[in-house]
Amino acid sequence: MKRKPPFPLVRTIASWFIALLLFFPLFWLGITAFKTEGQAIAGNLFFTPTLASFVEVQARSDYLHYAFNSLVTSVVSTVLGLLIAAPAAYSMAFFRTKKTRDILMWMLSTKMMPAVGALVPVYVMAQTTGMLDSLPALIIVFTLSNLPIMVWMLYSAFKEVPNDILEAVRLDGATVWDEFRHAILPLTMGGIASTGLLCLVLAWNEAFWSLNLTSAGAGTLAALIAQYSSPEGLFWAKLSAASLLAIAPIIVFGWFSQKQLVQGLTFGAVK
Amino acid sequence: MAFLELKNIVKEFGPVRTIKGIDLQINKGEFIVFVGPSGCGKSTLLRLIAGLESVTAGTISLDGRDITEVPSSKRDLAMVFQSYALYPHMTVFDNMSFALKLAKVDVAVRKEKVERAAKILNLTQYLQRTPKELSGGQRQRVAIGRAIVRAPKVFLFDEPLSNLDAALRGQTRVEIANLHRDLGATTIYVTHDQIEAMTLADRVVVLRDGLIEQVGAPLELYDRPANQFVAQFIGTPQMNVLAAAALPELTRIAGARLPADGSVGVRPEYVRIGRAGEGIAGKVELVESLGSDTLIHTRVGANVPLVSRQSERTSLKLGDAVGIEIDPNALLFFDSQGRALREMQRAA
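Participant: Please explain the overall build of chain A as it appears in this structure.
Facilitator: A tally of regular secondary structure across chain A gives 13 helices and two strands. The C-alpha extent of chain A, read off along each of the three principal axes, is 70 × 65 × 30 Å. Residues counted as buried form 40% of the 271 residues belonging to chain A. Residue pairs at least 24 apart in sequence account for 77% of intrachain contacts in chain A once pairs closer than 6 positions are excluded.

Below, the structure written as structure tokens:
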């Protein structure tokens, strides 16, 4: 019999408290976006909503332009990443060598280095190749920075495919491509989808490299938000409106794909 | 000329030599069973034939063609796995027709072949189901069906019945035997179950420790084992093997044939339990009543175990004193290395 956890009431209250604590900034951001600048500073909970800040943001800086850049960089970097990571993960999962574990660890270790450590070399490379403030530069950086996670996630997904099934496919006369197309792909679709989704979200939310490598031309939504925290002072309502616009698509997207995302993050962790 | 020929096959995994040099010739249409204890290399040998592992040395040829370096997909073999290895995302129909689809066989032909195989295996009503909607026995039949549909040169079975319960195992064993009789396809079957080996095989290959101990028809192995290992591996309960010096009465029974430093084997059905005072004096240690058979475990002489098997039931109990007779014509003799001494058997 499963033991019931003690103090159900205390636990319920505690979970609600923590959930609300985490949700509060988002909630505040949401209502501030519909305030005037004056109301925003006053900080009242009750007010007459207005769309003035959104109109102002769209007028001052072209939201759609930044959204387009975000969309292109995240989608292209995800697709590109999957194309590179899938064969890598395939060879590591099905043709292990003594060094496979080390290579995987080494790949992951690159994620442990602070991004700022690589800022100067990457910036100089982008500058000398004339790729500053360009979409390809961001796509390359996003792809490379997400690659270790993608390889790891796909590796765990592929590892779940029983070896017997692959051998059966081979005996049935399958080429390497047939094997991938008819056995591995359909069996690991869930893992591949969640890998793609996660990397899409990570690329969309990426701020460090977008802020440092782009300006008006290839700037993503992160760059748009940053414009509203300027040295001349904070414009809370407009900052909130811009932020809400930036995160809205990915929140909607995440809402619909949360099952896949959770599956991807716990892949291999639970049997 | 043999249909499938293994010449001096050696397989090493790192420093471990799993297959230590095997020569074997298999004829077309033969049902060959590889049998042996776990770790004897029987599954590895099958995987080498399938091309799922590469040989370290030696050659494999099939139907006159050297296939040693040919990849699995081009060897024209079909394998039934212990785990069934069905494609979980495909229906039974797709599972069975997958190889034909890869070979770009015409859709109508595919359908016809799958339906014919499904009929043989009683799977017709399940063709549109996925494997997870089937019972273990049905999955096993789909795995067999997948192999049949392709009409391969050789069928390979890797312990196909070990995931089934006892009743289903017996039933499927009969089905496999019937199938082989009907199709006449060359088959190699790996098992650790000697009942399967005895009932299915035309010839049994007994393996131990990466080497062939003996190849022969089932009853040949039973009656004329090449050595003590085969003698004791084939047959349930195990053959009694006693050191020649263990029991003074052996000299009386075997006479001059008794090897001085070897051992004597006798199958339990040739050990008769009689009244105390007749034959060799012994004590009942355990009685196993199986219904059709009764196994009586006794101790004789200096605590030497001796098992008897009889078809009559018994009222003997633990500790009862008995007299034991051994049929002198049923004795097998082994030298000190455990090799069978042929010339002495069934003499006298």
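Participant: Could you clarify how one ought to interpret the sheet that holds strand β2 (residues 16-26) of chain B in this entry?
Facilitator: What links the strands of a sheet is backbone hydrogen bonding, and the strands pair in either a parallel or an antiparallel sense. All names here are of chain B. Read across the open sheet, the four strands follow the order β2-β1-β4-β5; overall the sheet is antiparallel. Of all the strands in the sheet, just β2 and β5 (65-66) have a single pairing partner and so form its edges. Relative to strand β4 (residues 57-62), strand β1 (residues 4-13) runs antiparallel, the two being bridged by five bridges. The partner of Leu6 across the bridge, within β4, is Ile60. Each of β1, β2 and β4 touches helix α1 (residues 42-50); the most contacted strand, β1, lies at about 115° to it.

Participant: Can you help me understand the interface of chain B and chain A in this one?
Facilitator: Many descriptions give the size of an interface as the accessible area lost when the pieces come together. Listed as interface residues are 21 residues of chain B and, on the opposing side, 15 residues of chain A. Across the chain B to chain A interface the summed buried area is about 1,600 Å²; carbon plus sulfur atoms make up 65%. Remark: the boundary between chain B and chain A carries two salt bridges. Among the ionic pairs, Arg47 of chain B bridges to Glu167 of chain A, the shortest N-O distance being 2.5 Å. Joining chain B to chain A, the criterion identifies nine residue pairs in polar contact (both at pLDDT 80 or more).

Participant: Whenever I open this one, the packing of helix α3 (residues 107-120) of chain B against helix α4 (residues 136-149) of chain B confuses me. Can you help?
Facilitator: To characterise two packed helices, one gives the angle between the axes of the helices and the distance between these axes. All names here are of chain B. α4 packs onto α3 with a crossing angle of 135° between their chain directions and a minimal axis gap of 9 Å. The orientation of α3 with respect to α4, classified from their angle, is oblique. Here the hand of the crossing between α3 and α4 comes out right-handed. Facing Lys113, Val114 and Ala117 of α3, the residues of α4 in contact are Gly145, Ile148 and Val149.

Participant: Could you clarify how one ought to interpret helix α1 (residues 8-32) of chain A in this entry?
Facilitator: Along an α-helix, residues three or four apart share an orientation, since each turn contains 3.6 residues. All names here are of chain A. The first and last C-alpha atoms of α1 sit 35 Å apart over 25 residues, in line with the 36 Å expected at 1.5 Å per residue. The largest bend along α1 reaches roughly 40° and is located at Phe23, with the proline Pro25 sitting one to four residues downstream. By the burial criterion, the buried members of α1 are Leu29, Gly30, Ile31 and Thr32.

Participant: Looking at this structure, how should I read the pairing of β4 of chain B?
Facilitator: If a strand is regular, its side chains alternate between the two faces of the sheet. All names here are of chain B. Where β4 lies against β5, two bridges are found, and the strand directions are antiparallel. Residue pairing for β5: Leu62 is matched across the bridge by Arg65. Hairpin connection of β4 to β5: two residues between the antiparallel strands, including Asp63 at a positive phi of 55°.

Participant: Even after reading the chapter, I still don't get helix α10 (residues 189-205) of chain A, so can you show me in this structure?
Facilitator: When the terminal C-alpha atoms of α10 of chain A are compared, their 24 Å separation across 17 residues agrees well with the 24 Å that a helix rising 1.5 Å per residue should span. Those residues of α10 of chain A not exposed but buried are Gly191, Ile192, Ser194, Thr195, Gly196, Leu197, Leu198, Cys199, Leu200, Val201, Ala203 and Trp204 of chain A.

Participant: Looking at this structure, I do not really get the packing of aromatic side chains. What am I missing?
Facilitator: How two aromatic rings sit relative to each other is set out by the distance from centre to centre and by the angle between their planes. Residue and element names in this part refer to chain A. Inspection of every chain in the model, using the stated rule, returns 17 aromatic pairs over all chains. Judged by centre distance (6.3 Å) and plane angle (75°), the rings of Trp152 and Tyr155 are edge-to-face. One end of the pair is Trp152 and the other is Tyr155, both in helix α7 (residues 135-159) and three residues apart, which spans about a single turn. Each member of the pair Trp152 and Tyr155 is classed as buried.

Participant: Help me understand the layout of surface pockets in this model?
Facilitator: Empty pockets left among the atoms are what a rolling probe the size of a water molecule brings to light. Of the pockets and cavities examined, the largest pocket occupies roughly 740 Å³. Surrounding the largest pocket, 28 residues form its lining, Val122, Val141, Leu144, Ser145 and Trp209 of chain A being those nearest its centre. Put simply, the parts of the chain that give the lining of the largest pocket at least two residues each are α5 (100-109), α6 (119-128), α7, α10 and α11 (208-213) of chain A. Broken down by element, the lining of the largest pocket gets its largest block of residues, ten residues, from α7 of chain A. Grouping the constituent residues of the lining of the largest pocket by class yields 22 nonpolar, four polar and two charged. Space inside the second largest pocket adds up to approximately 300 Å³. Lining the second largest pocket are 17 residues; nearest its centre among them are Arg116, Ile148, Val149, Ala151 and Leu183 of chain B.

Participant: What is the right way to look at the packing of helix α4 (residues 63-94) of chain A against α7 of chain A in this model?
Facilitator: All names here are of chain A. Two elements in contact, α4 and α7, have axes whose closest approach is 6 Å; the angle formed by their N-to-C orientations is 40°. Judged on the interaxial angle alone, α7 and α4 are oblique. Handedness of the crossing formed by α4 with α7: right-handed. Looking at the contact of α4 with α7, its residues break down into 23 nonpolar, six polar and one charged.

Rules used throughout
Residues numbered from 1 in each chain as written. Chains lettered and ligands numbered in written order. Predicted model: local features only at pLDDT ≥ 70, side-chain atom pairs only at ≥ 80, totals over all residues. Heavy atoms only, no water. Helix = DSSP H or I, 4+ residues; strand = E, 2+ residues; numbered from the N terminus. Buried < 20%, exposed > 50% of the residue type's maximum accessible area, 1.4 Å probe, protein only. Contact = heavy atoms within 4.5 Å. Pairing = 2+ DSSP bridges. Axes fitted to C-alpha atoms, helices over the stretch in contact; angles between N-to-C directions. Buried area = accessible area lost by both parts, 1.4 Å probe. Salt bridge = Lys/Arg side-chain N within 4 Å of Asp/Glu carboxyl O. Polar contact = N/O pair within 3.5 Å; in protein donor to acceptor, adjacent residues only side chain to side chain. Parallel < 35°, antiparallel > 145°, perpendicular 65-115°, else oblique. Left-handed = near helix turned anticlockwise from the far one by under 90°. Expected span 1.5 Å × (residues − 1). Bend = angle between axes of the 7 residues up to and from the residue. Phe/Tyr/Trp six-rings, centres within 6.5 Å; stacked < 30°, edge-to-face > 60°. 1 Å grid on protein atoms, 1.4 Å probe; cavity = no way out; pocket = protein on both sides within 12 Å on 5 of 7 lines; lining within 4 Å. Points joined across faces, edges and corners; volume = space filled by probe spheres on them. Nonpolar A, V, L, I, M, F, W, Y, C, P; charged D, E, K, R; others polar.

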